Structure formats: C-alpha cells, structure tokens
Amino acid sequence: MSKKVRVRFAPSPTGGLHLGGVRTVLYNYLFARKYGGDFLVRIEDTDLSRYVQGAEEYIFDTLKWCGLEPDESVQHGGDYGPYRQSERKDSYRQYAEQLVKNGYAYYAFDTPEELEKMRHAPLAIGVKTEQTHTQQYDHTIRMKMRNSLTLSADETHKLLADGTRHVIRIKMPENETVSFTDMIRGEVSFETSLVDDKVLLKADGMPTYHLAVVVDDHLMRITHAFRGEEWLPSAPVHLLLWKYLFGLENMPQWAHFPLILGPAGKLSKRDGAKYGFPVFAMNWNDPKTGELTEGFKEKGFLPEAFLNLLALLGWNDGGEQEIFTKEELIEKFSMERVHSAGAKFDYEKAKWFNHEWIKKTTVDSLRSPVRNLFEQNKITVSDDVILDKVIGLVKDRCTLLPDFIQQSSFFFKAPESIDVDAVKPKWNEAKQLFFAELIRNYELAIEWNAHTLENNLKEIAAANNLKPGELMLPFRIMLVGGKFGPGVFEIAELLGKEETIRRISSAIKMFG
RNA sequence: GGCCCGUUCGUCUAAGGGUUAGGACACCACCCUUUCACGGUGGUGAUACGAGUUCGAAUCUCGUACGGGCUACCA
C-alpha cells in the first residue's frame, strides 16, 4: 500500500514568479491531481534579509490567475502548518543539535572575516601559481578552522554558554559516493569529498534551505520533491540529511526539472526588458527599486494558453497534439516524459499558443476580459449583443488580448485616423458620385444586413460601370480607417445605418 | 579551476538498434479571400565530433568539443 501522494512548491518570497517557477508549480499540480494527491505551497522565508513586501501575496495571486490553487498553504490552511518557514523556526534547531550529537555536524565559530580570509588564501601546500577557484569550507580545511572539531569540548561549551555567534555545519564524509535515482535523469551520483560542509543552521537561529527542506518535507509527509535543476549539486547534502535524520527509506522521490533558458543562459527577469517579452506571470512592481517587470497576464495572455505553453516547455505526450486543456494535461502528464535538457524560451511560439487559445475560446468567455480591455482604453461598449458579434468576427485575428482594441475599436467609435493615402491616388469624380448615390440608397434601405448591403452596392456599381473591386477598398477605409478588419459589409451591418452613412459622407470630404 | 547535468532543423520536440529522421513555431512560395487575418497545399532546414559494440547506431559504451547549472550564514 503506497502512501498518498503529497507534493509541494516552495518559493521564497523575494520577487515576482517567473516562467520557470510557474512551470514548477504546474508540474507539481499536474502530478498531484493525476495521482489524487495533495499539492501544498510552503513559503521558504528563512532569509529575513531578502524578504520583499508583497511578494508572498503576489505568488498566491499568480497561482489563482493560473488556476493552480494549492490544497494547503498559508492562505488555504491544512493540517501540516504553519506553512511559512519563519513561523517554524523553533522546530529546526533540535534536528541540527541531534546531528551534532551523532557526529554528523559541528558548531563553527568562524567570523565572516575569517571565512573571507580562508576562501581567498593561496593554497597552503603545493606549488600552485594561479588560483582560479575559491576555497570551500570542506574536509580539507575544517581542521584548520575554529569549530567544535578543532576546539576542545570545554572550549566549545564555554563559547556556546557565552552566547558566541555560531553556525552548525554538516560534516561531509570524506570517502563516500552518494547516489539516488532522479525521476527524470535516472541515477545521479556524487563524491562526498568534493562537497563542502554546508551551513545548516545560521547564526540567527534560522535554518538554511538545506536543513529546512529536509525537515519540512519530512514533517509535511512529502512523497515527491520536485525542483529546478539548479538544485542538483546540493542534492547530496539533502540525501545525507535524510539518511542521518529520518532514514533514506522515507525520503521523497526526487525530480529535477530542466532549466528554462533565455537567449543567453538561465532566464532572468532582465531578459524580458532586453528582448521584449514577459518573464513574470503577472506584472511585478519591486517595492525596493520601484522597477516594474511586465507579466504575461498584462501582456494579454489567457491563463489557459500560459499553462499550455509552459507545459510543453520540457514535456510532451509523445503524440503530435500541442493544444491541451488543463484536464487533458492532468490526464496525460507523466514525469518520465519530462525532458532532461534545458529548453530555450521562444516568445514567437508562446504567442502562437495564445492565438490558438483565443480562437478556441468561446465568445462567452472572452466577453469579460475584452470588455475590461475596452474600458481601460476608454472605449464605451454599451451593447453586449454587439460586443459578442464583434468578438466573434475578430477573434481569429487576435494573437494577444490587446489586439482586440486594434482590431475592433472602430466598431464602437469612429476611427481616429483615416488612411487617406491608400485611396486618394485612385479617387475620382465617378467614385465620388457613386458613394453619394450609395448613401441615398442606404438611407432608403429597409433591410439592414450584410447581404442586402452588398447586393445594393453591386447593383449601383454595375449601373455606373464601376467594378466592385475598385470600390471595396475605399468603402473599407471609410468605415474602418485602414486596410484591416472583417468583411466590410458585416462591419456596416453592425455599425448600423446611421453610423455607416455618417462615416461614408465624412470620408468623402476627405478624399475629395 | 572543481563538481554536476545536458547536446536531433534557428526554436520547442518525436523516433526506447532497422523510418526517405516525423510534427509544431518562425521563414518562403502558391491557393482561398475585391482588406488583414483564419484556413489549405508545398518548400528551405537537424542527429556536435571521433572511436568502439553490432549484420545494422540519432538510439548502447568511451573519449573530445560545446552549452548550462552549482561552487554564500541566498533560495
């Protein structure tokens, strides 16, 4: 009988959530849903100095927009709280002390200055002339530092009793090979002698990520731990901690996701401004710098499209399907099909996903976001029936939500500028007379629909020996202002008699 | 520098020893469309390199090169 699947997303509240973060959430979520498990969010705020006001709320707002709500979290409650590590501070020290007692860790009293000196000191032995790396705090040097390994028991006790600032470091074994099976990469192994003695408990009493992740994953009964590939190098530390503290047999299964790359290496928020595409899920306004980083939401992406494109960045179902609903993703997702190589983010393809989703989304679901967009742009939309027809008419030609403005604002207010140059060179008296007659004809029209309007125009054209082809473009420009938009007679139908005639007559003056 | 992970069209990827190496984005051409799109058809374009194993290698092994990540009392 296997345990109930429990997975977690563990962000630190230091800023906006970027593509990679949301994808990690997505894969966690899909995995949990697929196996009927729990998905929880744990806030990793063990570094007080990096805390950013508003970041935590932003994370939950983002998850909400994406439709990836956790089952347990600071905001959702649950039986394994608190879900904020700063509120769990007291639970970590005992584990660190236990490690010390069992000889797996030690107290270290080195000051920042001493550490700095150690890192950059030339290698003590040997004839190395150039030093291209910094010295790690590891088994080669720990016996030369100020810690409970080099100090006598009495000295150590005295320092501790005096409240001397100290940390607790893991004592990495000197000759062990640590290996584990990653769900994506298979067997991965490390030599412990090459890994440094990472700090587990900081001088301020807070745990580092290394201790906290192991303790909390255990306390929260996590069965599968997923994170980005950047964590792979510290995996041996976590493995050892599991072995020393809770037993390897209780350790969650690991999967390290491939990185999402920008045009130059690991994707950073800087890439967004630099290359002109969003990196964060939603707009993020850094309270410290005042800097605004654009989000996919505000750029005009549908959450369904955002999830879809993220899912396919590193995973595919083996077939040729590329458009998936969240439900389909839950059904088809499998960790074994997650790629091990990093994926470079392609904004063009991202836009294609959104375009596909706009085409696929019903007018009904598009109505509200599009109406909001019009309101933001100070365009009054009074009639939802008209709005629905407009959306249906233009959605195939909208890649991002704001395209609706460009593609359909002329339905609701007269175009601000008319592309006169596209008409003028071929404008003549015959055409002028034709449109004057068209106005008279339309004024008398009883049925106002695209079909009748088109027939009438063609009849008048024929009577005046004009080719409809020469008339269509001027007519379009009169109504729309430029060379774009849906069928011109459908536009006229929606515009209504009065407005159509008004635009024709005012444009005639501009062309003449 | 050390360690770890990776390497199929420009990009995302399929092909779990035998395929003319498939699809999608982007790009180009044509068709449809009296605008712009949508749609349709077709095209350009890839197994990093070198050994080995094998009748046969994109696929397995080793080496090289290249790319990325990590190397904090950050996560």
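For the structure, check the block above.
I will try to describe carefully the structure that is included in this document. As the structure is a prediction and not an experimental result, all values here were calculated from the model. (Residues numbered from 1 in each chain as written. Chains lettered and ligands numbered in written order. Predicted model: local features only at pLDDT ≥ 70, side-chain atom pairs only at ≥ 80, totals over all residues. Heavy atoms only, no water.)

## Section: helix 2 (residues 55–66)
We count it as follows: Secondary structure is summarised from DSSP: a helix means a run of H or I of at least four residues, a strand means a run of E of at least two, and numbering begins at the N terminus for each. To estimate the expected span of a helix, subtract one from its residue number and multiply by 1.5 Å. Here the term buried applies to any residue with accessible area under 20% of the maximum for its type, exposed to any over 50%, and partly exposed to those in between, with areas from a 1.4 Å probe on protein chains only. What makes two residues a contact is simply this: any of their non-hydrogen atoms within 4.5 Å.
The first and last C-alpha atoms of helix 2 sit 16 Å apart over twelve residues, in line with the 16 Å expected at 1.5 Å per residue. Here helix 2 lies mainly inside the structure; nine of its twelve residues are buried. Every buried residue of helix 2 is listed here: Ala55, Glu56, Tyr58, Ile59, Phe60, Thr62, Leu63, Trp65 and Cys66. Those residues of helix 2 that are buried lie in contact with helix 1 (19–34), strand 2 (38–41), strand 12 (284–285), helix 9 (296–299) and helix 10 (303–311). Gly67, located one to two residues past helix 2, shows a positive phi value of around 80°.

## As for the nonpolar core
If you look at soluble globular proteins, the nonpolar side chains tend to sit buried side by side. So the rule is basically this: Among the buried residues, those of types Ala, Val, Leu, Ile, Met, Phe, Trp, Tyr and Cys that are joined through side-chain atoms within 4.5 Å form a nonpolar core.
In terms of nonpolar packing, the biggest core is built from 60 residues, with Phe306, Met335 and Phe345 touching the most fellow members. The set of elements that each furnish at least two residues to this core consists of strand 1 (6–9), helix 1, strand 2, helix 2, strand 9 (253–257), helix 10, helix 11 (326–332) and helix 12 (347–360). If you tally residues by element for this core, the top one is helix 1, at nine residues. Beyond its immediate chain neighbours, meaning those up to four positions away, Met335 contacts Phe31, Met183, Ile184, Phe226, Ala255 and Phe257.

## Observations regarding the protein's contact with RNA strand B
Selection rule: When we say a residue is near a molecule or strand, we mean one of its heavy atoms is within 4 Å of it. Nitrogen and oxygen atoms within 3.5 Å of one another constitute a polar contact, given that in protein one can donate a hydrogen and the other can accept it, and given that sequence-neighbouring residues count only through two side-chain atoms.
As a structural note, the neighbourhood of RNA strand B is formed by 62 residues, with Lys202, Glu322, Arg397, Pro468 and Gly485 the closest of them. Across the atoms of RNA strand B situated within 4 Å of the protein, the share located in sugar and phosphate is 70%. One of the side-chain N or O atoms of Glu44 is found 3.5 Å from a sugar or linking oxygen in RNA strand B. Counting residues per element, the surface near RNA strand B draws most heavily on helix 12, at five residues.

## A look at the pairing of strand 8 (residues 224–228)
Put simply, the rule reads: Here, a strand pair is defined by DSSP locating no fewer than two bridges between the strands.
For strand 8, the tally of buried residues reaches five of five residues, placing the bulk of the element in the interior. One ladder, built from five bridges, connects strand 8 with strand 9; its direction is parallel. In the sheet register, Phe226 faces strand 9, and the bridge partner there is Ala255.

## Observations concerning the packing of helix 6 (residues 209–219) against helix 7 (residues 235–245)
The description of two packed helices rests on the angle between their axes and on the distance between the axes. To be explicit about the condition: The convention used is that axes are lines fitted to C-alpha atoms, helices contributing only their stretch in contact, and that angles between N-to-C directions extend from 0 to 180 degrees. Note on angle classes: values under 35 degrees are labelled roughly parallel, values over 145 roughly antiparallel, values of 65 to 115 roughly perpendicular, and the remainder oblique. The hand of a helix crossing depends on one turn: near helix anticlockwise from the far one by less than a right angle means left-handed, and clockwise means right-handed. Each residue receives one of three labels: charged for Asp, Glu, Lys and Arg, nonpolar for Ala, Val, Leu, Ile, Met, Phe, Trp, Tyr, Cys and Pro, and polar for the others, Gly being one of them.
Remark: helix 6 packs on helix 7, axes separated minimally by 10 Å, with the N-to-C direction vectors making an angle of 50°. Viewed along their axes, helix 6 and helix 7 adopt a mutual orientation that is oblique. Considering how the two elements wind past one another, helix 6 and helix 7 form a crossing that is right-handed. Seen from helix 6, the contacting residues are Tyr209, His210, Leu211, Val213, Val214, Asp217 and His218; seen from helix 7, they are Val237, His238, Leu241, Trp242 and Leu245. In terms of residue class, the contact of helix 6 with helix 7 is built from eight nonpolar, three polar and one charged.

## Focus on the pattern of salt bridges
Under the convention used in this document: A side-chain nitrogen of Lys or Arg and a carboxyl oxygen of Asp or Glu constitute a salt bridge if their distance falls within 4 Å.
Going through the model one piece at a time under the given rule, you end up with 36 salt bridges. We note a salt bridge from Lys458 to Glu454, for which the minimum N-O separation is 3.0 Å. With a gap of four residues between them, Lys458 and Glu454 both fall in helix 17 (residues 450–463), about one helical turn apart. Classification of Lys458 as partly exposed rests on a relative accessible area of 38%. The partner of Glu498 in a salt bridge is Arg502, and the shortest N-O contact between them spans 3.9 Å. Residue Glu498 and its partner Arg502 are both found in helix 20 (residues 497–511); the two are separated by four residues, about one turn of the helix. Given the relative accessible area of 61%, Glu498 is considered exposed. Salt bridges here are not isolated pairs; linked through shared partners, they connect Arg8, Arg42, Glu44, Arg88, Asp216 and Asp217.

## Examining the sheet that holds strand 3 (residues 105–108)
As summarised here, the arrangement of the three strands in space is 3-4-7, forming an open sheet in which the pairing is antiparallel. Sheet topology places strand 3 and strand 7 (199–201) at the edges, where each strand pairs with a single neighbour. Direction aside, the axes of adjacent strands within the sheet are offset by 40° on average. In this sheet, strand 7 lies alongside strand 4 (residues 167–170) in antiparallel orientation, the contact comprising two bridges. Following the sheet pairing, Ile168 is matched in strand 7 by Leu201.

## Overview of the packing of aromatic side chains
Going by this rule: Two aromatic rings, drawn from Phe, Tyr or Trp (for Trp, its six-membered ring), form a pair once their centres lie within 6.5 Å of each other, and the interplanar angle then sorts them: stacked below 30 degrees, edge-to-face above 60, tilted otherwise. Counted as over-ring charges are cases with an Arg CZ or a Lys NZ within 6 Å of the ring centre that also lie within 35 degrees of the ring normal.
Taken as a whole and judged by the stated rule, the model has 34 aromatic pairs. Taken together, the ring pairs in this structure connect Tyr27, Phe31, Tyr35, Phe226, Phe257, Trp315, Phe324 and Phe333 into an aromatic cluster. Directly above the ring of Tyr80 sits Arg6, whose terminal nitrogen or CZ lies 4.0 Å from the centroid. Lying across the ring of Tyr137, Arg169 places its NZ or CZ 3.7 Å from the centre.

## Digging into helix 3 (residues 89–101)
Count 3.6 residues to each turn of an α-helix, and residues three or four apart come out pointing the same way. Residues Ser91, Tyr92, Tyr95, Ala96, Leu99 and Val100 constitute the buried set of helix 3. Where helix 3 is buried, its residues meet strand 3, strand 4, strand 7, helix 6 and helix 7.

## Considerations on the sheet that holds strand 11 (residues 265–266)
Across the sheet, which stays open at both edges, the three strands sit in the order 11-10-14 with mixed pairing between neighbours. For this open sheet the edge positions go to strand 11 and strand 14 (343–344), each flanked by a neighbour on one side alone.

## With respect to the environment of Arg6
Here Arg6 shows up in strand 1. Taking the C-alpha atoms as reference points, Arg6 and Lys144, separated by 138 residues in sequence, lie 43 Å from one another. With residues up to four places along the chain from it excluded, the contact list for Arg6 reads Asp38, Leu40, Glu72, Tyr80, Met220, Arg221, Ile222, Thr223 and His224.

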